[in-house]
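Structural description and commentary
Given next are the chains, with one letter for each unit.
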Amino acid sequence: MTLRFPDGFYWGASTAAHQVEGNNVHSDFWLMENLEGSIYREPSGIAVDHYRLFKEDIGLLASFGLNSYRFSIEWARIEPEEGKFDQAAIDHYREVLLACLSMNVTPIVTLHHFSSPQWLIRAGGWESEDTPERFARYCAYVMRELGELIPYVCTINEANISIGIAKIIKRHQAGGDGQAQVGINTTDKSRMVAYFMEVGKAFGLPPQEVHSFHGARTEKGLEVIFRSHTRAREAIRVISPNTRIGLSLSLYDIQSIPGGEEHASHAWNEEFLQFLPYLEADDYLGVQNYTRMVYGPDGALPVPKDAETTQMGNEYYPEALGAVVRFVSKHLAKPLFITENGIATDDDTRRIEFIDRALRGVHACIADGIPVIGYMHWSLLDNFEWQLGFSKTFGLIAVDRATQERKPKPSAYHLGRIASSDSL
Ligand code: BGC
């Protein structure tokens, strides 16, 4: 049976500046990747040269039949030194937005996707009380310059990511799985200590005072992040009243087996429900999902030995997306935008099946009246997967990094066909 999606559904793919653009030299990640003894598998370098090749990439996206592109504007480029805004960077992103619009592609713009300016980290980073004001000032600047070209803005990508990261590290330290996701050898203590000393030196701070976005967060730090969102939202509302504003959250499909119910409900609270007050005045929520997490009487269960897994060590479980959307919709009456969903695999047939099964779940939600407004696949291009470097292939398009040649995979055309016909 053909499943039809609503007219006007946003179909697209996502990227993030640091992962694709290349030469993000004023960012905290750049500094950490390039240190002696870095725990990063490799530096991002020129990445996939998207800063230069964005027109070609957006052109490919449009040629598949997709109608939207989610990308991020890089704070470290716009404001490389505190209070000094770089006009050339603004001009660049104006070009990107105009390229989208000229190809009938709706731009969905993220203002912070993990990487931050080095100066922000030196000034206390994501634990500092001053960060919400600093972030709002940057967002206001971007929106004054570009807001009229931006219909949807996502202030902060995966504002709750520190919770997931802390859990993965804990699981790995306890001897479980999780190393693939964090990409660091957390059991090699002396290497970690030496590396964090180097990081501290590079930022001119004691190592425990380096608070980049990707790290562990205190209660206060979490509040700093969510207040950064609400301050940014207030500022953007005034400057760009037609832009729809939200943030995105990393959401596992949290399940339990008998005896694990309490752990599961605790996890939903920790990863999602506690943030609801911050979302009340938003226009939509960005939902990002990759897999499920199952809880038993002793906490999160490892991925079963016989389960199919992705390059990230995640269980292959596309049904997670529909389940997450359903849970979220019970607690938040707002449009839901799938801003990321996908898998790292070198077998593109598995990606195609993943897309179909995930979309079947989304379609069932829509049929039940849940307002899902779009699906952005992660990712448009194979790219720099943070600590794991270029080893993980999430893209609809492969990239030969020696030549920067783009090679669309069958999954790109597959998703494009679904998009063009609004049906599966
Ligand atoms: C992030 C992306 C990342 C992806 C795959 C999400 O958590 O937003 O930047 O590449 O997951 O790990």
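Residues numbered from 1 in each chain as written. Predicted model: local features only at pLDDT ≥ 70, side-chain atom pairs only at ≥ 80, totals over all residues. Heavy atoms only, no water.

Taking an unreviewed UniProt entry as the reference, the chain is identified by name as beta-glucosidase belonging to Cohnella thailandensis. UniProt, in its Sequence similarities (unreviewed entry) section for the chain, records the words "Belongs to the glycosyl hydrolase 1 family." (UniProt positions renumbered as here; feature names shortened; annotations may be inferred.)

Below, the discussion takes up the packing of aromatic side chains. Scanning the model with the defined rule gives 31 aromatic pairs in all. Above the ring of Tyr51, the side-chain terminus of Arg77 is found at 4.1 Å from the ring centroid. For the cation-ring pair, Arg350 lies above Tyr316, with the distance from its terminal atom to the ring centre recorded as 4.4 Å. (Phe/Tyr/Trp six-rings, centres within 6.5 Å; stacked < 30°, edge-to-face > 60°. Lys NZ or Arg CZ within 6 Å of the ring centre and 35° of its normal.)

Glancing now at the site of the ligand. Around the ligand, 13 residues are found, and the nearest of them are Gln19, His113, Glu158, Glu340 and Glu385. The side chain of His113 places a nitrogen or oxygen atom 2.8 Å from an oxygen atom of the ligand. Contact between the ligand and Trp386: an oxygen atom at 3.0 Å from a side-chain N or O atom of the residue. Protein burial of the ligand: of its 310 Å² of free accessible surface, 91% is covered by the chains. Of the residues contributing to the shell around the ligand, the split by class is six nonpolar, four polar and three charged. (Near = heavy atom within 4 Å. Polar contact = N/O pair within 3.5 Å; in protein donor to acceptor, adjacent residues only side chain to side chain. Areas by Shrake-Rupley, 256 points an atom, 1.4 Å probe, with all protein chains shown as cover. Nonpolar A, V, L, I, M, F, W, Y, C, P; charged D, E, K, R; others polar.)

Along helix H12 (residues 261–271), the residues classified as buried are Ala264, Ala267, Trp268 and Glu271. Buried residues of H12 fall within an arc of 100° about the axis and therefore sit on the same side. Of the exposed residues in H12, the ones pointing more than 90 degrees away from its buried face are Glu262 and His266. (Buried < 20%, exposed > 50% of the residue type's maximum accessible area, 1.4 Å probe, protein only. Helix = DSSP H or I, 4+ residues; strand = E, 2+ residues; numbered from the N terminus. Arc of directions from axis to C-beta.)

Turning next to the UniProt feature "active site" (unreviewed entry) in the chain. As recorded in UniProt, the feature "active site" (unreviewed entry) lies at Glu340. Here Glu340 lies in strand S11 (residues 336–341). Look past the residues within four positions of Glu340 in its chain and what remains in contact with it is Ser14, Arg70, His113, Asn157, Glu158, Val287, Gln288, Asn289, Tyr290, Met376 and Trp378. A polar side-chain atom of Glu340 sits 3.0 Å from a polar atom in the side chain of Arg70. (Contact = heavy atoms within 4.5 Å.)

Within the secondary structure layout, His377 lies in strand S12 (residues 372–378). Relative accessible area serves as the criterion here: at 0%, His377 is assigned to the buried category. Among the polar contacts listed, one links the side chain of His377 to the backbone oxygen of Asn341, at a separation of 3.1 Å. Excluding residues within four positions of it along the chain, His377 makes contact with Gly12, Ala13, Ser14, Asn341, Gly342, Arg351, Ile355, Phe394, Leu396 and Leu415.

The next thing to look at is the pairing of strand S1 (residues 10–14). Counting buried residues along S1, five of its five residues qualify, which places the element largely inside the surrounding structure. The alternating pattern of S1 places Tyr10, Gly12 and Ser14 on one face and Trp11 and Ala13 on the opposite face, and all of these are buried. As paired elements, S1 and S12 share five bridges and run parallel to each other. Bridging from a neighbouring strand, Tyr10 pairs with Gly374 of S12. When S1 meets strand S2 (residues 68–72), the two strands line up parallel, connected through three bridges. By the bridge assignment for S2, Gly12 is matched with Ser68. (Pairing = 2+ DSSP bridges.)

Right, let's talk about the sheet that holds strand S8 (residues 285–289) for a bit. An order of S5-S4-S3-S2-S1-S12-S11-S8-S6 is seen for the nine strands of this open sheet, with the pairing classed as parallel. Where the open sheet ends on each side, the last strands, each with one partner, are strand S5 (244–246) and strand S6 (248–250). Recorded for the sheet is a direction-independent mean angle of 25° between the axes of neighbouring strands. For S11 and S12, the ladder comprises three bridges, and the chain directions are parallel. Along S12, the bridge assignment pairs Phe337 with Gly374. Relative to the sheet, helix H5 (residues 87–102) contacts S2 and strand S3 (106–112), its axis offset from that of S2 by approximately 170°. Here helix H14 (residues 320–331) sits on the sheet in contact with S8, S11 and S12, set at roughly 145° to S11. (Axes fitted to C-alpha atoms, helices over the stretch in contact; angles between N-to-C directions.)

Counting 114 residues, the largest nonpolar core has Trp11 and Leu285 as the members making the most contacts within it. Contact partners of Leu285, with chain neighbours within four places excluded, come to Leu247, Leu249, Phe272, Leu279, Val328, Leu332, Pro335, Leu336 and Phe337. (Core = buried A, V, L, I, M, F, W, Y, C linked by side-chain atoms within 4.5 Å.)

Here we come to the packing of helix H3 (residues 50–64) against H5. Running from N to C, H3 and H5 cross one another at 10°; their axes reach a closest spacing of 9 Å. In terms of axis orientation, H3 runs roughly parallel to H5. The residues of H5 that touch H3, namely those facing Tyr51, Phe54, Lys55 and Ile58, are Ala89, His92, Tyr93, Glu95, Val96, Ala99 and Cys100. Partitioned by chemical class, the residues of the contact of H3 with H5 number eight nonpolar, one polar and two charged. (Parallel < 35°, antiparallel > 145°, perpendicular 65-115°, else oblique.)

Read across the open sheet, the three strands follow the order S7-S9-S10; overall the sheet is mixed. In the strand order of this sheet, the two ends are held by strand S7 (253–256) and strand S10 (299–300), each with one partner. Along the sheet, H12 contacts S7, strand S9 (292–296) and S10; its crossing angle with S7, the most-contacted strand, is approximately 165°.

Turning our attention to the state of the cysteines. Going through the model one piece at a time under the given rule, you end up with zero disulfides. Looking at the unpaired Cys100, the closest cysteine sulfur is the one in Cys154, lying at 15 Å. Its sulfur unpaired, Cys154 is 10 Å from the next cysteine sulfur, which belongs to Cys139. According to the relative accessible area criterion, Cys154 is buried, its value standing at 1%. (Disulfide = S-S within 2.5 Å.)

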